[in-house]
Amino acid sequence: MKRIKSIVCGTVGALGLLAMTSCTDLTETIYSDLTKDNYYTDKASVEAAVVRCFEHSDNVTWRGDIWKLQELTADHFVWTQKGRHGYDDGMWIRLHEHKWNYIQAQINGGWVQSYQCISQVNTVLRDFNTLDFSSIGVTDEEKAAYFSDLRVLRAWYYMFLLDFFREVPIATEQQGAEEIVAQSPAKDVFNFIESELKDALPSLPKEKRIGRWTQGPAAGLLVRLYLNAKVWVGEDRMADCKKYAQDIINGVYGSYSINQSDYRDPFRSGINGYQSPENLFEFWHERGRLEQQTMWADGMHYSAAQTIGSDGGGNNGIHLQPSRDFQGNVYQFASGLGNPFEKYAKCDYRVIPFHTTDANGGYEGFFLQGMQMQYDKSKQYGFTDQYVNGSEEYAGVPLVFVDQVGRFSEQAELKKKDGESDEAYKARFITYMKEVAERGYFICNDADVIAKKSQVTTGEENSGIRFNKFPYLPDHDGLFRSQSTPEMRLAEIYYSLAECYYREGNKAKAAELLDYVRIRNYPTEEWSKYSYVANPAKLTDAEFLDEWGREFLGERRRRVDLIRWGKFGEAWWNKEKDPSDKEYTYFPIPQNQLNASPVLKQTTPGWE
């Protein structure tokens, strides 16, 4: 019999003692004398084994390939090549243009990372099946909660696999670690997820636990499952989605609430010990221990530390897809998609340029945009009057993030003139960049630059608005990287319920639910212009999808929302409409996995 680990191409032992080896030989090697028989000695050791599974999940779903598959294939984010940086064998181009292949690293990562986590859970559950809990002081109620917690965690991973691949092996603790598992039809995977969640729900506590599943978020996973059932398995389960969403809002599965007066509320959770009542499930972080990493390395500029007041910078990779062309005009795509930054109203609090407002973790805005200024170390918040310099195309001149992509630094007017001194040239360049910052965008008439087009390969170090919704704050008093990551928010439940009503034709109820969340994003004096209740004609299919995008930008769901609304194959910035030669709404089974297993088959249409 083949090992199940050869199918998943990688596994991690429950206690973190196992070495990662190749995809063809994943024999477990134990590097200490600590084994199942002598590890579980008390309740704390059981708790540690459970928590270890959750620590890994934050990493792989929020800063790994799973996030990239959901966001870099959609119309909000892109990883552009910036001169000599970021081409990376064309992988980001393929994701953006929907031209991925069987060996795309991120697609294989989505498979491997999900099954690694599933393998962790299964290993712990196998241990638990042979453990005498009563002998180490664990009650039957606590035992049931541990099992349920892990089963929900595993079901969550299977939801990614169902979304990404449809037909996948269902491996559980009931099978031997060495047992081969064949693929199951998508409907069986769906049914497994549903039954696991429903079975586990009653044994979970209602009280919120940071970084752990409880009744509220477990029921929220059922909302996600039913909302997307038509796409995943061809069944309309909106009635079930509606029921669970309403029950969550009614407090059946725990007490949660929306802070209608603070748009930052769910995203500042974790800062200075604050816990948002909106977050059903959030991953906890703390400076110096388990630090928040989402979008820092991949999205921040090399010089981000100078702006944020932190240590080090990022890889300057991911940013919002551009909303403006070479003349500064907002793109008008026939699909109505893209332009993520310009989809926000000018008065929306979320588009206030990000800045800290006090030394205690106060801040405003979700985006780094325009002229980047030096962090004020003396006050421990805000900026000085000194700008941050670029280090590549704009070395020695102000770094100005623009909602555009193009080789603007190569314009003829920015070349040094004959006889012009270095000082005069630099002063002219600085003046030019200050004008760009004041205006908010470049105006380029250089034919050679325009001929290179605005595309994934023509970025510069200052291309794109930078995302700081999960706020990176200055590095003092434990603020930096201490914010939680909200995996599930009550706002998602409101929006899901609103979509159920909208699809029924009850737009008035949908408008009411959406407005209940949205009101916090607008000044009181402007709200009447943007309220769907006050302006019911505004709430169309296109607007509903735009609103999903505004509220959940960067929260690892844009791809699946586009698919559910039938728009994933449409054209947007630097992406043509998908061809009809093969399936693009889910991915091919990775070639690495097909090579590793004698039973795994390619089941994605057009990729056989």
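Residues numbered from 1 in each chain as written. Predicted model: local features only at pLDDT ≥ 70, side-chain atom pairs only at ≥ 80, totals over all residues. Heavy atoms only, no water.

## Section: the environment of Gly406
Thought 1: With respect to the helices and strands, Gly406 occurs in the loop between strand S12 (400-401) and helix H14 (422-439).
Thought 2: Sequence separation of Gly406 and Ile450 is 44 residues, and the distance between their C-alpha atoms is 7.8 Å.
Thought 3: Those residues in contact with Gly406, other than ones at most four positions away along the chain, are Phe326, Thr458, Glu460 and Ser463. (Helix = DSSP H or I, 4+ residues; strand = E, 2+ residues; numbered from the N terminus. Contact = heavy atoms within 4.5 Å.)

## Topic: the pairing of strand S14 (residues 485-489)
Thought 1: Counting buried residues in S14 gives five out of five residues, a clear majority hidden from the surface.
Thought 2: As defined by bridge partners, strand S4 (residues 279-283) adjoins S14 across four bridges and the pair is classed as antiparallel. Residue Phe281 lies in a different strand from S14, and its bridge partner there is Met488. (Buried < 20%, exposed > 50% of the residue type's maximum accessible area, 1.4 Å probe, protein only. Pairing = 2+ DSSP bridges.)

## So, the UniProt feature "domain: RagB/SusD" (unreviewed entry) in the chain
Thought 1: On the UniProt side, "domain: RagB/SusD" (unreviewed entry) is annotated at positions that read residues 452-607 here.
Thought 2: Between the C-alpha atoms that bound residues 452-607 the distance is 33 Å, and the span itself is 35% helix and 4% strand. (UniProt positions renumbered as here; feature names shortened; annotations may be inferred.)

## A closer look at the nonpolar core
Soluble globular proteins: nonpolar side chains tend toward being buried together.
Thought 1: Phe128, Leu150 and Phe367 are the most contacted members of the largest nonpolar core, which totals 148 residues.
Thought 2: Among the domains, domain 1 (41-76 + 88-203 + 568-599) and domain 2 (291-465) are the pair contributing at least three residues each to this core.
Thought 3: Not counting chain neighbours up to four residues away, the residues in contact with Leu150 comprise Val50, Cys53, Phe54, Val121, Val124, Leu125 and Phe128.
Thought 4: Tyr394, Phe429, Ile430 and Tyr432 belong to the second largest nonpolar core, which has 15 residues in total. (Core = buried A, V, L, I, M, F, W, Y, C linked by side-chain atoms within 4.5 Å. Domains from an automatic or database assignment.)

## So, the side chain of His96
Thought 1: Secondary-structure assignment places His96 in helix H5 (residues 91-97).
Thought 2: On the basis of relative accessibility, which here comes to 0%, the residue His96 falls in the buried class.
Thought 3: Discounting residues that sit within four places of it in the chain, His96 has contacts with Leu72, Phe77, Val78, Gln321, Val456, Trp572, Trp573, Asn574 and Lys575.

## A closer look at the packing of helix H6 (residues 105-129) against helix H7 (residues 140-165)
Thought 1: Contact geometry for H6 and H7: axes closest at 10 Å, N-to-C directions at 160 degrees. Regarding the angle of H6 to H7, the classification is roughly antiparallel. Where H6 crosses over H7, the two elements pack in a sense that is left-handed.
Thought 2: Taken together, the residues of the contact of H6 with H7 break down into 18 nonpolar, four polar and two charged. (Axes fitted to C-alpha atoms, helices over the stretch in contact; angles between N-to-C directions. Parallel < 35°, antiparallel > 145°, perpendicular 65-115°, else oblique. Left-handed = near helix turned anticlockwise from the far one by under 90°. Nonpolar A, V, L, I, M, F, W, Y, C, P; charged D, E, K, R; others polar.)

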